[in-house]
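Close look at the chain arrangement
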Amino acid sequence: MTKTASSVWNECLSFIQDNIKQQAYKTWFEPIKPIKLSGEALTIQVPSKFFYEWLEEHYIKLLRVALVKQLGEDAKLIYDVRMENNYSSSNPHTVKIPSSNRNPITSQGVTVPVDINKRELKNPFIIPGIQKVKIESQLNPNYNFQSFVEGDSNRLARSAGMAVANKPGGTSFNPLLVYGGVGLGKTHIAHAIGVEIKDKYPDKTVLYISSEKFTQQYIDSVKSNSRNDFIHFYQMIDVLIIDDVQFLSGKTGTQDVFFHIFNHLHQNGKQVILTSDKAPVDMQDIEQRLLSRFKWGLSAELQAPDYETRVSILQNKLYRDGVEMPYEIVEYIAKNIKSNVRELEGVLISMIAQASFNRKEFTLALAKQIVDKFVKNTKREVSIDYIQKIVSNYFELDVATLQSKTRKRHIVQARQLAMYFAKRMTKASLASIGSQIGKRDHATVLHACKTVDNLTETDKQFRKYVDDLTKKLTF
Ligand code: ADP
Ligand code: MG
């Protein structure tokens, strides 16, 4: 019997049904319709963008296993998203994810829509030969210029980015450094430049990488004696995009290697794009020679968007998600969430989720409730340094002792508490928390978090520590 979209999907469903709770199955899998099978690619229709994101976040592994069973290792999944139109009765229309009608960025081997095989960074340590090796760009095609709303707050960065995309390596904006606070669109614009370049110059090799990953790869290369391969690899790139370079602060080895890569690329007319949460003048623990390179090109700041831009960003997102929302609610959100686009989007996502889960309408009351929650939760993000200071003070230690290698019990506990709070109160990864708190690895941090959780439940005195510190850290 030949396979059809429905036959394949039915087999997947019976496997999925055996592996998740009945309620979850009903909610997330029953509404899906298989619509097309071509080769190893199955297209399924989902009721909304939110639905798609939920599946991607929670069930992608399961889906993958199910699909691979049916279609083999090369199985691909494509979502077809029905755009719901809550307010007008016009026929619902559908879009493919990604919804911006973009062509997939294929020439480097990145496949979109969602290619479930390629979600992780491929090991870049291919020994470079004569011919070009395939390098995945790591670009997210949804972060493009079309979806990046222009406003006074971002005009300089946006147009410099466009200029660079038109002529990579050929403008005086080299490097282009985009800086600004959290959630203001640095990562988005960094991808957008790369995506635009791939559109215009499909043959150029573009690579997006976070400084954190870059650092990790460098450390690994040193461990495995392949530092030169690491450098060669990066020297082959035509457009190198490094996100959050502030993360390189204090990491002299990585800075050193980056310096050499940078010089090579720059001398050969290759483009470098950087982002940072600080202006170069405010960066600390970055070597002077590297800082001076950062200043060679253009530094463009992303500022917090003004009211009109916030409204446009919200409307743009609603439009892309195919959701309609009364204007007064949009205004309300834009008036109350001011300093961070990610939060602006967060409120919208919560609204859409709440409304569709509880079959609630979009009301001003619901908006107020959600906005309040956001404002409360994000009073300010504390830094890992601050946490270490507070915890050390509380236990009457100095920070150096907290970070030291000693195994004395009370110091170990203090250190574990610092790690636990860093995990809870910052967005830093386990690895980066570990490296900042006495150069430990991520497993140590994970262990610390578990230990604190356990002790909080079983040990009264310990619970008091946690409560006291929570108070100190939140006020
Ligand atoms: P950063 O890297 O500066 O912390 P991001 O690039 O991750 O911020 O942006 C946070 C979110 O806000 C992303 O989902 C991004 O798409 C969105 N965003 C930021 N600025 C804009 C803009 N001008 N138009 C549309 N979306 C934006
Ligand atoms: Mg970012």
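In this text the structure is predicted, and so the values were computed from the model without any measurement. For every chain, the first residue of the written sequence is number 1, and numbering continues from 1 onward in sequence order. Both sets of labels track the order of writing: A upward for chains, 1 upward for ligands. Only residues with pLDDT of at least 70 are given local features in this predicted model, and only at 80 or more are side-chain atom pairs given and counted; all residues enter the totals for whole chains, interfaces and linings. As a rule here, side-chain values come from all non-hydrogen atoms in the structure, and water together with hydrogens is ignored.

Another aspect to go through is helix α1 (residues 5-19). Residue pairs three or four apart in sequence face the same way in an α-helix, which turns once every 3.6 residues. The end-to-end C-alpha distance of α1, which contains 15 residues, comes to 21 Å, matching closely the 21 Å that a straight helix rising 1.5 Å per residue would cover. The classification of residues rests on relative accessible area computed with a 1.4 Å probe and restricted to protein chains. Under 20% of the type maximum is buried, over 50% is exposed, and intermediate values are partly exposed. Numbered from the N terminus, helices here are DSSP runs of H or I no shorter than four residues, and strands are runs of E no shorter than two. Within the span of α1, buried status applies to A5, S7, V8, W9, C12, L13 and I16. One less than the residue count of a helix, multiplied by 1.5 Å, gives the span that helix is expected to have.

Moving on, we come to the sheet that holds strand β7 (residues 239-243). Overall, parallel pairing links the five strands, which are arranged β6-β7-β8-β5-β9 in an open sheet. In the strand order of this sheet, the two ends are held by β6 (206-210) and β9 (298-301), each with one partner. The mean angle between the axes of side-by-side strands here comes to 15°, regardless of whether they run parallel or antiparallel. Most of the contacts of helix α6 (residues 186-200) go to β6, to which it runs at about 165°, and overall it touches β5 (176-179), β6, β7 and β8 (271-276). For two strands to pair, DSSP has to find at least two bridges joining them. Helix axes are fitted only over the stretch in contact, all axes being lines through C-alpha atoms; the angle between N-to-C directions runs from 0 to 180 degrees. Residues are treated as being in contact if the distance between any of their heavy atoms lies within 4.5 Å.

It is worth spelling out the pairing of β6 at this point. For β6, the tally of buried residues reaches four of five residues, placing the bulk of the element in the interior. In this sheet, β7 lies alongside β6 in parallel orientation, the contact comprising five bridges. Across the sheet, residue L207 finds its bridge partner in β7, namely L240.

So, on to the pairing of strand β2 (residues 41-46). Where burial is concerned, most of β2 is hidden: six out of the six residues are buried. Hairpin connection of strand β1 (residues 33-38) to β2: two residues between the antiparallel strands, including G39 at a positive phi of 60°.

We now examine the side chain of Q416. Turning to its location among the elements, Q416 is positioned in helix α17 (residues 409-425). Overall, the relative accessible area of 13% leaves Q416 in the buried class. Dropping the residues within four chain positions of it, Q416 is found in contact with H447, A448, T451 and V452.

What follows is about the site of ligand 1. When we say a residue is near a molecule or strand, we mean one of its heavy atoms is within 4 Å of it. As a structural note, the neighbourhood of ligand 1 is formed by 17 residues, with V149, G183, T187, H188 and E345 the closest of them. R342 is positioned such that a nitrogen or oxygen atom in its side chain is 2.8 Å from an oxygen atom of ligand 1. To measure how exposed things are, a 1.4 Å probe is used in the Shrake-Rupley method; for residues, cover is taken only from the protein chains shown. For ligand 1, whose accessible area on its own is 560 Å², the fraction buried by protein is 93%. Of all the secondary structure elements, the ones that give two or more residues to the shell around ligand 1 are α6 and α13 (341-357). We call two N or O atoms a polar contact when they sit within 3.5 Å, provided that within protein one can donate a hydrogen and the other can accept it, with sequence-adjacent residues counted only if both atoms are side-chain atoms.

Let us look at the confidence of the model for the chain. Residues at a pLDDT of 70 or more form 87% of the chain, whose mean pLDDT is 84. By definition, pLDDT measures how confident the predictor is in each residue, and it falls between 0 and 100. When mean pLDDT is taken per element in the chain, β8 scores highest with 98 and strand β4 (residues 93-96) scores lowest with 44. Between residues 84-132, whose pLDDT stays under 50, and residues either more than four places distant or in other chains, the model counts 114 contacts.

Another point: the environment of F258. As for its position among the elements, F258 is in helix α9 (residues 252-267). By relative accessible area, which is 0% here, F258 ends up buried. Note: C-alpha distance between F258 and Y234 (24 residues apart in sequence) is 9.1 Å. Beyond its immediate chain neighbours, meaning those up to four positions away, F258 contacts F214, L240, I242, L248, L274, L290 and F294.

Each Phe, Tyr or Trp ring, with Trp reduced to its six-membered ring, pairs with another whose centre is within 6.5 Å; inter-plane angles below 30 degrees give stacked pairs, above 60 give edge-to-face pairs, and intermediate values give tilted ones. This structure, assessed with the given rule, holds 16 aromatic pairs. Ring geometry for F214 versus F230: centroids 5.2 Å apart, planes at 55°, classification tilted. Of the two residues, F214 sits in helix α7 (residues 211-223) while F230 sits in helix α8 (residues 227-235), which places them 16 residues apart along the sequence. Considered together, F214 and F230 belong to a single accessibility category, that of buried residues. The structure contains a cluster of three or more aromatic residues connected by ring pairs, namely F214, Y218, F230, F233, Y234, F258, F262, F294 and W296. Our definition puts a charge over a ring when NZ of Lys or CZ of Arg is within 6 Å of the ring centre and also within 35 degrees of the ring normal. Taking NZ or CZ as reference, K204 lies 5.6 Å from the ring centre of Y201, over its face. The ring centre of F259 lies 4.0 Å from the NZ or CZ of R289, which sits over that ring.

Of note, the amide linkage connecting N174 to P175 takes the cis form, showing an omega dihedral of 5°. With respect to the element layout, P175 can be found in the loop between α5 (155-166) and β5. Despite not being glycine, K439 has its phi angle at roughly 55°, a positive value. Its location among the elements puts K439 in the loop between α18 (430-436) and α19 (442-458).

Moving on, we come to the pattern of salt bridges. Salt bridges are counted wherever a side-chain nitrogen of Lys or Arg sits within 4 Å of a carboxyl oxygen of Asp or Glu. Tallied over the full model, the rule gives twelve salt bridges. For R155, the salt bridge is made with E150, and the minimal N-O distance between the two is 2.9 Å. A residue is classified by how much of its surface remains accessible, and R155, at 38% relative accessible area, is partly exposed. Here R289 makes a salt bridge to E287, at a shortest N to O gap of 2.9 Å. Here the salt bridges share partners, and the residues they tie into one network are E150, D152, R155 and R158.

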